[in-house]
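# Results of the structural survey
So the chains spell out like this:
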Amino acid sequence: MNRKKVLLGMSGGTDSSVAAILLQEQGYDVTGITFRFYEIEGNTAYLSESAELADRLGIPHYIYDVRKEFEKNIVTYFINEYMSGRTPVPCIICNNTFKWPLMARIADERGIRHIATGHYVRLTETGGHSYLQSGVDPDKDQSFFLWGLPEILIKRMILPLGMLTKTEVREI
């Protein structure tokens, strides 16, 4: 696997757009991926926005339709937890059991070593182990949503926004 290749999860929004730009500036060969999780009243603007951004940046981009799997694994979890009187946290389940493992599998299929998103989380290494750490912007920290990822995935992650505030990202 080429160590300078990265698969970037792209939503078409500001955070993933800036992540793509920063990764390119750091010398990475970026490939974008957007997951089609669901649609609200046929709104697929995020798919075209991420594809247009990738085109402007000159990076390959793929859309993966995972609506059935998302419904089965995440939406069903949410409904079952809610109907059982518990408070579901679907973003944690999605990131830890669905999105990041799926990104890693797709990256492996394409010979890409690293996986990245626009999450506001920092990476740290202590005693030979890799850990997630709160992002520097206390108002945007998203480490909570990634807390259960296994170290084998954390070692592959690049999180270019973890050292930035949302204000700095908007300026970029």
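Everything numeric in this text was worked out from a predicted model, so none of it was measured. (Residues numbered from 1 in each chain as written. Predicted model: local features only at pLDDT ≥ 70, side-chain atom pairs only at ≥ 80, totals over all residues. Heavy atoms only, no water.)

Our next topic: the packing of aromatic side chains. Within the structure shown, the criterion is met by eight aromatic pairs. A centroid spacing of 6.1 Å and a plane angle of 45 degrees characterise the contact between F37 and F98, whose relative ring orientation is tilted. Of this pair, F37 sits in the loop between β2 (29–36) and α2 (45–57) while F98 sits in helix α4 (residues 90–109), and the two are 61 residues apart along the sequence. Through a chain of ring-to-ring contacts, the aromatic side chains of F35, F37, Y38, Y64, F70 and F98 assemble into a single cluster. A cation over a ring is seen here: K4 above Y28, with NZ or CZ 4.2 Å from the ring centre. (Phe/Tyr/Trp six-rings, centres within 6.5 Å; stacked < 30°, edge-to-face > 60°. Helix = DSSP H or I, 4+ residues; strand = E, 2+ residues; numbered from the N terminus. Lys NZ or Arg CZ within 6 Å of the ring centre and 35° of its normal.)

Pairing of strand β5 (residues 121–126) with strand β6 (residues 129–134) involves six bridges; the strand directions are antiparallel. Note on β6: the bridge partner recorded for E125 is S130. (Pairing = 2+ DSSP bridges.)

On the secondary structure map, K99 appears in helix α4. We note that K99 is buried and unpaired, the nearest opposite charge coming from D15 at a distance of 11 Å. Each residue touching K99, except ones within four places of it in the same chain, is listed here: F35, F37, C94 and H119. (Buried < 20%, exposed > 50% of the residue type's maximum accessible area, 1.4 Å probe, protein only. Lys, Arg positive; Asp, Glu negative; His and termini not counted. Salt bridge = Lys/Arg side-chain N within 4 Å of Asp/Glu carboxyl O. Contact = heavy atoms within 4.5 Å.)

Note that side chains of opposite charge can pair when their charged atoms are close. Using the criterion set out here, one finds six salt bridges in the structure. Among the ionic pairs, R67 bridges to D65, the shortest N-O distance being 2.6 Å. Look at R67 and you get partly exposed, because its relative accessible area is 30%. Overall, D65 belongs to the partly exposed group, its relative accessible area being 42%.

So, about helix α1 (residues 14–25). In this model, α1 (twelve residues) spans 16 Å end to end at C-alpha, consistent with the 16 Å of a helix rising 1.5 Å per residue. Listed as buried for α1 are D15, S16, S17, V18, A19, A20, L22 and L23. Phi turns positive, to about 90 degrees, at G27, one or two residues after α1. (Expected span 1.5 Å × (residues − 1).)

We now examine a nonpolar patch on the surface. A cluster of nonpolar side chains, F78, I79, Y82 and M83, forms an exposed patch at the surface whose accessible area comes to about 460 Å². The residue F78 is located in helix α3 (residues 67–83) in this model. (Patch = residues over 30% accessible without salt bridge, like charges linked within 9 Å, V, L, I, M, F, W, Y side chains within 5 Å. Areas by Shrake-Rupley, 256 points an atom, 1.4 Å probe, with all protein chains shown as cover.)

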